[in-house]
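The primary structure of each chain is shown beneath.
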Amino acid sequence: MKKTIWIFAVSFAIFTLFLGSFAVSAKPKGKFTIASSQGTMELRSVYDPHTAVGATPTTFKSMIFDSLSHRDLNGKVIPALATDWEIGTNWSHMTFNIRRGVKFHNGDSLTAADVKYSIERAMREDIRFVFGGEMRRLISSVETMGDFKVKINLKGPYLAFFDRCFDYLAIVPKNYTEKVGDKGFAKKPVGTGPFKMAKFARDRYLDGRAVENHYRKTPYVRDVHYMNVKEHSTRLAMLKTGEADMVMLLSTHIPNVKRDKKLRIIWSRHTYLITMVFFDLAHPEDSPFKDIRVRKATRLAIDLRGIADAVSFGAQEPWGSFLAPYHLGYDTNQQASPYDPEKAKKLMVEAGYAKGFDTTMTVHPSHPPRFEPMIAMLKKIGIRVKMRVPEAGTWSKMFVGAKFRGIGYGSGPWWVGRGHPASALNSHITGGWNHKLATPAIYKAMSNLEVAVGDDNIAAKAKILNDQIFTDLIRFPLWSSHVAFAVNQRVKAYPAAPGTVFPRNFEYLELND
């Protein structure tokens, strides 16, 4: 007997009426410009959403593409290209009823065949989709049941699937993609999102044009111009001069924005966890960090509160868990690591490093202000670090390729509002961003969490995984990151999605002119 997880008997009827109202909504107008802090689009093939290697593409996916489900402005899962779905007993399968009447931006009609093709394409090993490995582990096959119904046969519970739909799993047109090929699709991408691709240049900019009478939400703004501006001061200057309407704000610029009455900040809280990663554990050569006492000393040597108060201006909060407050299993009593350099020195002596040692600390170009104070703190206990800051694209490639040595910045777990703790922790603990550090015990704990069913069981398994990461100490939490988006007076409203790191939901953004 099938178990229905979401029932839309009444609520879906109301939702349908709600959708229908957009058919007579005002025509999109105006141009909105956002300057991102990224130096790369984090795609292996631009622009192909199934080749994403980082989180930057979640912005583009939310504009140009859509998936089976979406999230509303409160983070709740809602129907999108699927009108409703059912979960089979013991998660044996998922069936989705596909929305009728939806058109791709090239005019092709959406059918079940497109959904089947898109899921199987994301599962291809050669595509190297960021969650392709996870999908291959949990999905046994995909089949169509007529033109508007899809059945996904599962190997076990796949609670993270709806998070993947919102973040990355774009539905693409089968006939068009097969006709032009992977390279052709990347050059001229086609989706069903609230914006269609107008033009783009790799790692520089992307322009989207609003889709009128979009089935889910017609945008208020006609044109969105997204551009990468790596230099933080340049972004802020562009906001002040009106060249940009929104910027991803460097924390040290927060006081500047707060003093300017023409600007304001929109916060997205508990977006991701900033961690210190022990890169040397991924390599066979000897390293002081392979002694857990040295790793514990490193943790105790860093004054998290002092650094946060000095340079973050509210953007970082010292954190003591690998889970966010909205995750099952989060323990409110788990505090951030204390600052105890004297105890750290004793651990260094016990480990045989009374005279200390030299190492490197590699940091993403957006985070030097937070890590620079650590140089002096670590030196006090004998760890002499040389900080390296590669450009953003190089940093991403080297991290995913497990090429770093010493210690350094870790951009995760990548929570981004994901409801299930397994989907929030997977990518950076056991997935493609784990720098080949996950131990057998961590893999086992993650696997148990991924198949857990029921809130109490999920919470218990999440706590076990959290504790195991601390036990093995492959990385440790530094700060929970709150992202600040600064906007000028042209922006009337922008309801940021919960946990958003990179902006989405531009269809809900409103301008004053």
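Quantities reported herein were computed from a predicted structural model and do not represent experimental measurements.

Asks: Teacher, can you tell me more about the overall build of the protein chain here?
Replies: On a plain count of helices and strands, the protein chain comes out with 16 helices and 19 strands. Relative to its length of 513 residues, the protein chain is compact, with a C-alpha radius of gyration of 23 Å against a globular reference of 24 Å. When its C-alpha atoms are laid out on the principal axes, the protein chain stretches across 70 × 60 × 40 Å. In the protein chain, buried positions account for 60% of the 513 residues. Long-range pairs, those at least 24 residues apart, make up 71% of the contacts in the protein chain with a sequence separation of at least 6. Carbon and sulfur atoms make up 52% of the accessible area of the protein chain, which totals about 20,300 Å². Counting 72 positive and 48 negative side-chain charges, the protein chain places the centres of these two groups 2 Å from one another.

Asks: Teacher, can you tell me more about the side chain of S62 here?
Replies: Tracing the backbone shows S62 in helix α2 (residues 57–64). Relative accessible area serves as the criterion here: at 4%, S62 is assigned to the buried category. Reaching out from S62, the side chain makes a polar contact with the backbone oxygen of T59 at a distance of 2.7 Å. Beyond its immediate stretch of four places on either side in the chain, S62 contacts P194, R504, N505 and E507.

Asks: Looking at this model, I keep getting lost on the pattern of salt bridges. Mind explaining?
Replies: Once the charged atoms of two side chains with opposite charge are near each other, the side chains can pair. One pass over the full model with this rule turns up 24 salt bridges. In this structure, D66 and R216 form a salt bridge, with 3.0 Å as the shortest nitrogen-oxygen distance. Taken together, the positions of D66 in the loop between α2 and β2 (69–71) and R216 in the loop between β9 (205–210) and β10 (223–228) put the pair 150 residues apart, joining distant regions of the chain. A relative accessible area of 0% places D66 in the buried class.

Asks: What exactly am I supposed to notice about unusual backbone geometry here?
Replies: Trans peptide bonds make up the majority, and among non-glycine residues the majority have a negative phi. Of the consecutive residues V46 and Y47, the connecting peptide bond is found in the cis state with omega at 0°. When you line up the elements, Y47 lands in the loop between β1 (31–36) and α2. A cis amide bond links G412 with the next residue in sequence, P413, at an omega value of 20°. With a phi angle near 55°, W91 is a residue other than glycine that sits in the positive phi range. W91 sits in the buried class, given a relative accessible area of 11%. Even without a glycine there, the phi angle at H270 is positive, about 50°. Residue placement: H270 occurs in strand β12 (residues 264–278).

Parameters and conventions
- Residues numbered from 1 in each chain as written.
- Predicted model: local features only at pLDDT ≥ 70, side-chain atom pairs only at ≥ 80, totals over all residues.
- Heavy atoms only, no water.
- Helix = DSSP H or I, 4+ residues; strand = E, 2+ residues; numbered from the N terminus.
- Rg over C-alpha atoms; globule rule 2.2 N^0.38 Å.
- Buried < 20%, exposed > 50% of the residue type's maximum accessible area, 1.4 Å probe, protein only.
- Contact = heavy atoms within 4.5 Å.
- Areas by Shrake-Rupley, 256 points an atom, 1.4 Å probe, with all protein chains shown as cover.
- Lys, Arg positive; Asp, Glu negative; His and termini not counted.
- Charge placed at Lys NZ, Arg CZ, Asp CG, Glu CD.
- Polar contact = N/O pair within 3.5 Å; in protein donor to acceptor, adjacent residues only side chain to side chain.
- Salt bridge = Lys/Arg side-chain N within 4 Å of Asp/Glu carboxyl O.

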